[in-house]
Amino acid sequence: MASFIIKPAHLRCVLRTNRLFWELRSRITLCLDRSYATEGDNRVPKIYTKTGDKGFSSTFTGERRPKEDDIFEALGNTDELSSAIGLAREFCLDKGHTFTHQLDKVFMFHLFILKIHFKLARKIVCKCIFPMSLQIQCILQDVGSNIATPRSSARDSHIKRTKFTAQPIMDLETWIDKFTNELPPLTNFILPSGGKSSAALHLARTVCRRAERCVAPIVRSGEADPDVAKFLNRLSDYLFTVARYAAMKEGNEETIYKRPE
């Protein structure tokens, strides 16, 4: 029978996380820009708020912008990207791929991390439960936080809380190099194929490219950190690489592009 050892440091970390969870959950505002409950109301907050019924939504800085604004278009695409990665991850888990920890999503506090402003608890959970690797879906929450904080209306406190660093980019490059060294050289254009895991990762790659295209003008205008666009660029390369890796590990052939006669 398999056994495992919980180190005291890890146990303390989990206990601290659990305590923080209940402390933050008891706060009326839940660290958001608006409260879902009236004072003294301890009911579970509702999913719907009706604040967007007129076609406007709020940035982290408090601005009300049309939902078709570039900011929300980019946020929608990064959210779709996280969903696509989540789907691909499930296919990869079914096949037992070893890289799925890099795709993992933190399921604790799921309701809260969907709100881009609830950053503190999500970051603590990521560090405590998955201390050995960067979690891509967690990082996409940081991407969303940065995009949702346009610099033209942000205070210093906003910028400090949502700053995006270059470390995730370096982690992706390390992973890409590792998997590339195990793959056969790429000598032809390939089509999305190679089994369900590989095809799903290719789909996530294309969503990532779209997210990058949406973020690029926001970064050029100075409204978001340049490293956000760089991260999405590397992430698409990573997804392409692990798509090929998944096909190889499953023993599936990739479909080579052939020019029609």
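Residues numbered from 1 in each chain as written. Predicted model: local features only at pLDDT ≥ 70, side-chain atom pairs only at ≥ 80, totals over all residues. Heavy atoms only, no water.

Peer 1: An account of helix H5 (residues 136–147) is requested, with residue identities and associated values reported.
Peer 2: Compared with the 16 Å implied by 1.5 Å per residue over twelve residues, the 16 Å span of H5 between its first and last C-alpha is a close match. By the criterion of burial, H5 is predominantly enclosed, with twelve of the twelve residues buried. By the burial criterion, the buried members of H5 are Ile 136, Gln 137, Cys 138, Ile 139, Leu 140, Gln 141, Asp 142, Val 143, Gly 144, Ser 145, Asn 146 and Ile 147. (Helix = DSSP H or I, 4+ residues; strand = E, 2+ residues; numbered from the N terminus. Expected span 1.5 Å × (residues − 1). Buried < 20%, exposed > 50% of the residue type's maximum accessible area, 1.4 Å probe, protein only.)

Peer 1: Describe helix H2 (residues 70–95), naming the residues involved and giving the relevant values.
Peer 2: Counting along an α-helix, one turn takes 3.6 residues, and residues three or four places apart therefore face a common direction. Given a rise of 1.5 Å per residue, 26 residues ought to cover 38 Å, and the 38 Å separating the end C-alpha atoms of H2 matches this to within 8%. For H2, the capping residue at the N-terminal end is Asp 69, with a side-chain oxygen 2.9 Å from the backbone nitrogen of Ile 71. Gly 96 sits one or two residues past H2 and shows a positive phi near 75°. (Polar contact = N/O pair within 3.5 Å; in protein donor to acceptor, adjacent residues only side chain to side chain.)

Peer 1: Which residues make up the pattern of salt bridges, and what values do they have?
Peer 2: For the coordinates displayed, the defined rule picks out twelve salt bridges. With a shortest N-O distance of 2.8 Å, Glu 173 and Arg 234 are connected by a salt bridge. In this pair, Glu 173 sits in helix H7 (residues 167–182) while Arg 234 sits in helix H9 (residues 226–249), placing the two residues 61 residues apart along the sequence. For Glu 173, a relative accessible area of 30% translates into the label partly exposed. Given the relative accessible area of 23%, Arg 234 is considered partly exposed. (Salt bridge = Lys/Arg side-chain N within 4 Å of Asp/Glu carboxyl O.)

Peer 1: So what's going on with the environment of His 158? Residues and values would help.
Peer 2: Mapped onto the elements, His 158 comes out in helix H6 (residues 156–162). Remark: the alpha-carbon pair of His 158 and Ser 145, spanning 13 residues in sequence, is separated by 9.7 Å. With near-sequence residues (within four places) excluded, His 158 lies in contact with Phe 60, Thr 61, Thr 149 and Ser 153. (Contact = heavy atoms within 4.5 Å.)

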